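# Commentary on secondary and tertiary structure
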There are 2 protein chains.
Amino acid sequence: MNYNKITAPVLDSIKTIVGADNVIVNHDELQKYSHDETEDLVYYPEVVARPQTPEQVSALMMLCNEHLISVTPRGAGTGLSGGALPIEGGLLIAMERFNKVLQIDEQNLQATVEPGVVTEEFMNQAAAKGLLYPVDPASKGSCFIGGNVSHGSGGPRVVKYGTIREYILNLQVVLPSGDIIWTGANTLKYASGYNLTQLMIGSEGTLGIITKIVVKLLPLPTLDALMLASFPTNEAACAAVSAIFRAGIIPSALEFMERRGVEWVKEHDDIAFDLQDGIEAFLLIEVDGTNQDVIFADCEKINGVLEAYFCKDVLFADSSAQKEELWRLRRTMAVSVKSNSVYKEEDTVVPRAELPQLIKGIKEIGGRYGFESVCYGHAGDGNLHVNIIKANMSDYDWNNKLKDGIREVFELTVSLGGTLSGEHGIGLVQKDFMSIKYSEVHFALWRGIKNVFDPKGILNPGKIF
Amino acid sequence: MNYNKITAPVLDSIKTIVGADNVIVNHDELQKYSHDETEDLVYYPEVVARPQTPEQVSALMMLCNEHLISVTPRGAGTGLSGGALPIEGGLLIAMERFNKVLQIDEQNLQATVEPGVVTEEFMNQAAAKGLLYPVDPASKGSCFIGGNVSHGSGGPRVVKYGTIREYILNLQVVLPSGDIIWTGANTLKYASGYNLTQLMIGSEGTLGIITKIVVKLLPLPTLDALMLASFPTNEAACAAVSAIFRAGIIPSALEFMERRGVEWVKEHDDIAFDLQDGIEAFLLIEVDGTNQDVIFADCEKINGVLEAYFCKDVLFADSSAQKEELWRLRRTMAVSVKSNSVYKEEDTVVPRAELPQLIKGIKEIGGRYGFESVCYGHAGDGNLHVNIIKANMSDYDWNNKLKDGIREVFELTVSLGGTLSGEHGIGLVQKDFMSIKYSEVHFALWRGIKNVFDPKGILNPGKIF
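Given the structure is predicted, the values throughout are model-derived calculations rather than measurements.

## Some thoughts on the overall build of chain A
A tally of regular secondary structure across chain A gives 17 helices and 18 strands. Radius of gyration (C-alpha) of chain A: 22 Å, near the 23 Å computed for a compact globule of 465 residues. Dimensions along the principal axes, computed over C-alpha positions, put chain A at roughly 70 × 60 × 45 Å. A burial count over chain A gives 62% of its 465 residues as buried. Within chain A, contacts between residues at least 6 apart in sequence are counted, and of these 73% link residues at least 24 apart. For chain A, the exposed area adds up to about 16100 Å²; of that, 48% sits on carbon and sulfur atoms.

Right, here's the structure in full:
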């Protein structure tokens, strides 16, 4: 596709639409918008516009549609698959001024928020009213809820509460045509035509730009317990994961961490944590609820399972400070790995019971290709983040041979019944691997759907497929 | 669209594909396939084929695509919106031989089932292994799980467990082209391209024919409590619904029933139930879990809320026989109403707290148009089934004026933030009302999506839009 450059008259129109103060053309200021958290990729947009209303987004879309200018929507830029990178230059629409929680409806246990609200801020506002919004990716302190919707985000609590898909009731969306629609209704059930809300979720900004989000909330659990279990092998830890569910418990989080990851967090973050010899893997297990006896009983039951799976030691967090510390251990892992080595993060997901096979296979593939890896993630969902570390790999092999190794990791994932991404999305960096799992029939359906929404292909080009 | 009739050579091909024993052309035998549970509508197919494998479905689709013959997929025929009616004649594909539970995977808490499995049979098989499949529409004893997926079905437990949308992980689908695809992966999370699984759910057999279903299961709750609360007015009962959630309780069912509905069930079904004067509405409230103390505590908390909302009396079911009897009261209501009068059933859904307004408005509209109504349904989800009864309405008014009254009911529903159907689907009988809620932009997107999957428009024509 040959997109047009943004000409002076088009730039003037952009300034008219959003105000000159909300248009960025200066190279230094554009730098911030040239990357997300994906490796070290950099693509500069020609122009950044920062609209504040759906009508402004609509006017920008119509302008770009008319002039065949590529449009890349951007949330907080915390993505890990390059979805917010403006690879064709063009206009980048930064959603940062859509930053209001418009309503928390305590009668209906719903909220209406703008897409540029930071996820954790919204969670806190809901919690202040005794309500739970449970979708908390590791980047919750900086990511936007709009980006979460666009990636079908998860986080540690999916294991009990489900992904963001189960909390989004309705979306206001600006289509590439400039039309502004609501995709559905603010209802808990919906059986009225093809579900456009669900289609938008996870579409990575390629079908429309989300301008309002109606979210379902739950009563806030008042109590929780957190434990860290240590294991002699990755396989033992992963095998315990399935067993916990089979024992009839649904924890509110069930996270896996490799020893190496914990070591790097300790180095990077100076977290006080006694890492003993002979321990190779950890499970961070949270149970929540409203009754202390039930939580105790669940913890005891889990403890029994852990023992049967060769768990060496269980640390119960006995204060909220210690809980916070254990969660920080897990949440900062991606940042710590990144600060210690050149790396690539891959997001694999398999049926839960296949995790031991997956980890074993990843190590074996790494052995053959000469890369090391740190694995951690949402083991309760079968969702493993694989951080591939350059370590001693030569620059040549890193740049040329590694791709084949990653392909093998995904081939293994798919052969175990899984898919390429559980929550990071495909974006730019995984799209070459999509053919491992999907056929030309899938691609034709996806392209067809894209074409229905965006016949000129202006919106977030080059992503997913 | 002008479809072709099934000629003798095409009929021979159909017989070759599925075997002559599984082809029906005799008018008497076709009768069974000429209707579903929607009012008294009757449309005969020209031919019924009963395939047993995805490959047979694929061959039938290719044949009909080539010859431009309309294809209507049919589950158990329990639908309430006419989705399974072959309004263009043509070939009806009856999925009744896809009746096997292929696997219940206790390691991953998943199952793979064929679409022609009766929902309750699958629930029972899962329960025998200590697992819960919670999607149980009132027709669970006869409906097929494939039809449930196609309608995005709900049922009483949605209020705690969510709709079928949250339990379907992956679908095997035969497209109108004859291609057989899996829509996703057997994983709890999925962020790999537009979500075709979610798009298929609720598409009412217009995009493809489902041939295998991968379902998520949960550990089975071991305990439950059931109570029936009686109220002096509909409004008081509905107002109590929101208050229960605001008190921090999520019941596993929260059903509303009008007095008239209960009266008719008593007449029709001879259920022993003492219906006292001054009672106009009931809430049937279930709480489930694994700890008796928690269930008692929840019930007490609910009881407190009920008292504050003018509840007259609360009956606690004290045996499983009594629970069964109370559930039967609710589940047979549709059948009882139907057996007492000519009626039409409409499926409305609004944000939960708008229920009192909705019921009040429906009665007011009925007063102006001269129809009576019996309302009941899943009040916990804001989902109300409105049974409009002919009663004293003249045949002329019933056939001509009533449609305007129903339109007003839906206009009211939409004005309260709701939509046309929560779980029954749009099918044939609601499609004329879709423009109350949706714009030409929505219709263009839906038509576009339909066209991507089914460019010749052979599959289930005339449904949804």
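## Let's talk about the interface of chain A and chain B
Residue-level contacts link 82 residues of chain A with 82 residues of chain B. Surface buried jointly by chain A and chain B totals about 6200 Å² across both partners, of which 63% is contributed by carbon and sulfur atoms. Connecting chain A to chain B are four salt bridges. With its nearest N and O atoms 2.8 Å apart, the salt bridge here joins Glu423 of chain A to Lys189 of chain B. Of all the elements, helix H17 (residues 440–453) of chain A adds the most residues to the side of chain A that touches chain B, at 10 residues.

## A short note on the packing of helix H9 (residues 259–269) of chain B against helix H12 (residues 333–340) of chain B
Residues and elements named next belong to chain B. Viewed as axis vectors pointing N to C, H9 and H12 meet at an angle of 80 degrees, and their least axial separation amounts to 8 Å. Our classification of the angle between H9 and H12 gives roughly perpendicular. For the pair H9 and H12, contact is made by Gly261, Val262, Trp264, Val265, Glu267, His268 and Asp269 and by Met333, Val335, Ser336, Val337, Ser339 and Asn340, respectively. For the contact of H9 with H12, the residue count by class is six nonpolar, five polar and two charged.

## Focus on the relation of the copies chain A and chain B
The two copies are related by a screw operation: chain A maps onto chain B through 180 degrees of rotation and 0.0 Å of translation along the axis, at an RMSD of 0.0 Å. Within this description, the copies of the chain are treated as partners about a two-fold rotation axis. The residues that chain A uses at the interface reappear at the interface of chain B in 100% of cases, marking a shared surface.

## Some thoughts on the side chain of Lys140 of chain A
Within the secondary structure, Lys140 of chain A is located in the loop between strand S7 (131–132) and helix H5 (145–151). According to the relative accessible area criterion, Lys140 of chain A is buried, its value standing at 16%.

## Side note on the environment of Asn387 of chain B
All names here are of chain B. Secondary-structure assignment places Asn387 in strand S18 (residues 383–389). Take Asn387: its relative accessible area is 0%, and that puts it in the buried class. Residues in contact with Asn387, not counting those within four places in the same chain, are Val337, Tyr343, Lys344, Glu345, Glu372, Ser373, Val374 and Tyr376. Among the polar contacts made by the side chain of Asn387, one reaches the side chain of Tyr376 at a distance of 3.1 Å.

## Points about the domain arrangement of chain A
Residues and elements named next belong to chain A. Segmenting chain A into domains produces domain 1 (101–219), domain 2 (223–334) and domain 3 (341–425). On a C-alpha basis, the centres of domain 1 and domain 2 stand 29 Å from each other. Taken over both partners, the interface formed by domain 1 and domain 2 buries close to 820 Å², and the fraction arising from carbon and sulfur atoms is 49%. For domain 1, the biggest contributors to the area lost against domain 2 are Pro156, Val159 and Lys160; these three give 60% of the whole.

## Thoughts on the packing of aromatic side chains
All names here are of chain B. Summed over the entire model, instances satisfying the criterion amount to 14 aromatic pairs over all chains. Aromatic pair Phe122 and Tyr133: ring centres 5.0 Å apart, planes at 55 degrees, arrangement tilted. With Phe122 in helix H4 (residues 119–128) and Tyr133 in the loop between strand S7 (131–132) and helix H5 (145–151), the pair connects residues that are 11 residues apart, well separated along the chain. Owing to a relative accessible area of 1%, Tyr133 belongs among the buried residues under this scheme. Ring geometry for Phe443 and Trp446: centres 5.5 Å apart, planes at 75 degrees, overall edge-to-face. With a gap of three residues between them, Phe443 and Trp446 both fall in helix H17 (residues 440–453), about one helical turn apart.

## Some thoughts on the sheet that holds strand S12 (residues 223–231) of chain B
All names here are of chain B. Read across the open sheet, the seven strands follow the order S15-S12-S14-S13-S17-S18-S16; overall the sheet is antiparallel. Pairing within the sheet leaves two strands with one partner each, and these edge strands are strand S15 (313–316) and strand S16 (343–349). The mean inter-strand angle of the sheet, taken between neighbouring strand axes irrespective of direction, is 20 degrees. Relative to S18, S16 is paired through seven bridges, and the arrangement is antiparallel. Along S18, the bridge assignment pairs Tyr343 with Ile389.

## A short note on empty space enclosed by the protein
Over the atoms a probe the size of a water molecule is rolled, and this reveals where empty space is left. Residue and element names in this part refer to chain B. Inspection of the entire model under this criterion finds five cavities of 30 Å³ or more. Here the largest cavity defines a volume of roughly 50 Å³. Lining the largest cavity are Glu37, Thr38, Glu39, Leu80, Tyr343, Lys344 and Glu345. Here the residues of the lining of the largest cavity are counted per class, giving two nonpolar, one polar and four charged. Two domains each put at least three residues into the lining of the largest cavity: domain 1 (8–97) and domain 4 (341–441).

## Here we look at the environment of Pro351 of chain B
Structurally, the position occupied by Pro351 of chain B is in the loop between S16 and helix H13 (355–369). Taking the C-alpha atoms as reference, Pro351 of chain B lies 6.6 Å from Gly417 of chain B; in sequence the two are 66 residues apart. Once residues within four sequence positions are removed from consideration, Pro351 of chain B is found in contact with Asn108, Gln110, Asn186 and Thr187 of chain A together with Leu416, Gly417 and Gly418 of chain B.

## Remarks on the sheet that holds strand S4 (residues 91–94) of chain B
All names here are of chain B. The sheet built from four strands is open, its strands ordered S1-S2-S4-S3 with mixed pairing. Two strands bound the open sheet, and with one partner strand each, they are strand S1 (23–24) and strand S3 (71–74). Two strands pair when backbone bridges link them, and S1 and strand S2 (residues 47–49) are joined in this way by two bridges, in the antiparallel orientation. When the bridges of S2 are listed, Ile24 appears paired with Val48. The strands touched by helix H3 (residues 54–67) within the sheet are S2, S3 and S4, with S4 carrying the most contacts at an inclination of about 165 degrees.

## Structural notes on unusual backbone geometry
Outside of glycine, negative phi angles account for most residues, and trans bonds account for most peptide bonds. Residue and element names in this part refer to chain B. The phi angle at Glu204 is positive, at roughly 55 degrees, despite the residue not being glycine. As for its position among the elements, Glu204 is in the loop between helix H7 (196–200) and strand S10 (209–216). Located in the positive-phi region is Ala391, a residue other than glycine, with phi close to 45 degrees. One can find Ala391 in the loop between S18 and helix H14 (395–400).

## Brief notes about the pattern of salt bridges
Following the criterion strictly, the structure yields 50 salt bridges over all chains and no others. For the salt bridge of Lys189 of chain B with Asp381 of chain A, the shortest nitrogen-to-oxygen distance reads 3.1 Å. Separated into two different chains, Lys189 of chain B in the loop between strand S9 (180–182) and H7 and Asp381 of chain A in the loop between strand S17 (372–378) and strand S18 (383–389) make up a pair that spans both. Exposure remark for Lys189 of chain B: the relative accessible area of 1% places this residue in the buried category. Here the residues in one salt-bridge network are Lys189 of chain A together with Asp381 and Glu423 of chain B, joined through shared partners.

About the thresholds
Throughout this document, residue positions are counted from 1 along each chain, in the order its sequence is written. Labels follow written order: the first chain is A, the first ligand is 1, and so on. Only residues with pLDDT of at least 70 get local features here, since the model is predicted, and only at 80 or more are side-chain atom pairs given and counted; chain-wide, interface and lining totals rely on the full set of residues. To get the side-chain values, take all heavy atoms of the structure and skip hydrogens and water. Each helix corresponds to a stretch of at least 4 residues labelled H or I by DSSP, and each strand to a stretch of at least 2 residues labelled E; elements are numbered beginning at the N terminus. Here the globule rule is a power law, 2.2 Å times the number of residues to the power 0.38, and the radius of gyration is based on C-alpha atoms. Each residue is assigned to one of three classes by its accessible area relative to the maximum for its type, calculated with a 1.4 Å probe on protein chains only: buried under 20%, partly exposed between the two thresholds, exposed over 50%. Contacts are residue-level and defined by heavy atoms, with any inter-residue pair within 4.5 Å sufficient. Here the open area of atoms and residues is found with the Shrake-Rupley method and a 1.4 Å probe, where only the protein chains shown may cover a residue. Reported buried area values correspond to the accessible surface (1.4 Å probe) lost by two parts on association, with both partners' losses combined. Salt bridge, as applied in this entry: a Lys or Arg side-chain nitrogen positioned within 4 Å of an Asp or Glu carboxyl oxygen. Note on geometry: axes are lines fitted to C-alpha atoms, helical ones only across the stretch in contact, with angles between N-to-C directions running from 0 to 180 degrees. Roughly parallel refers to an angle under 35 degrees, roughly antiparallel to one over 145, roughly perpendicular to one between 65 and 115, and oblique to any angle outside these ranges. Gly is put with the polar residues, along with every residue not named as nonpolar or charged; the nonpolar set is Ala, Val, Leu, Ile, Met, Phe, Trp, Tyr, Cys and Pro, and the charged set is Asp, Glu, Lys and Arg. Only residues with pLDDT of at least 70 in both copies count here: their C-alpha atoms drive the least-squares fit that superposes the copies. N or O atoms closer than or at 3.5 Å make up a polar contact, with two conditions inside protein: a donor-capable atom paired with an acceptor-capable one, and, for residues adjacent in sequence, both atoms drawn from side chains. In this document the domain limits rely on a domain assignment from an automatic tool or a database. Stacked, edge-to-face and tilted are the three classes for Phe, Tyr and Trp ring pairs, Trp counted by its six-membered ring, which pair at centre distances within 6.5 Å; planes under 30 degrees apart are stacked, over 60 edge-to-face, the rest tilted. Only strands joined by at least two bridges in the DSSP assignment are considered to pair. Grid points spaced at 1 Å and placed over the protein atoms alone form the basis of the search, with a cavity being a set where a 1.4 Å probe fits but cannot get out and a pocket an open set showing protein on both sides within 12 Å along at least five of seven lines. Lining residues have an atom within 4 Å of a point. Grid points are joined across faces, edges and corners, and a volume is the space filled by probe spheres set on the points.

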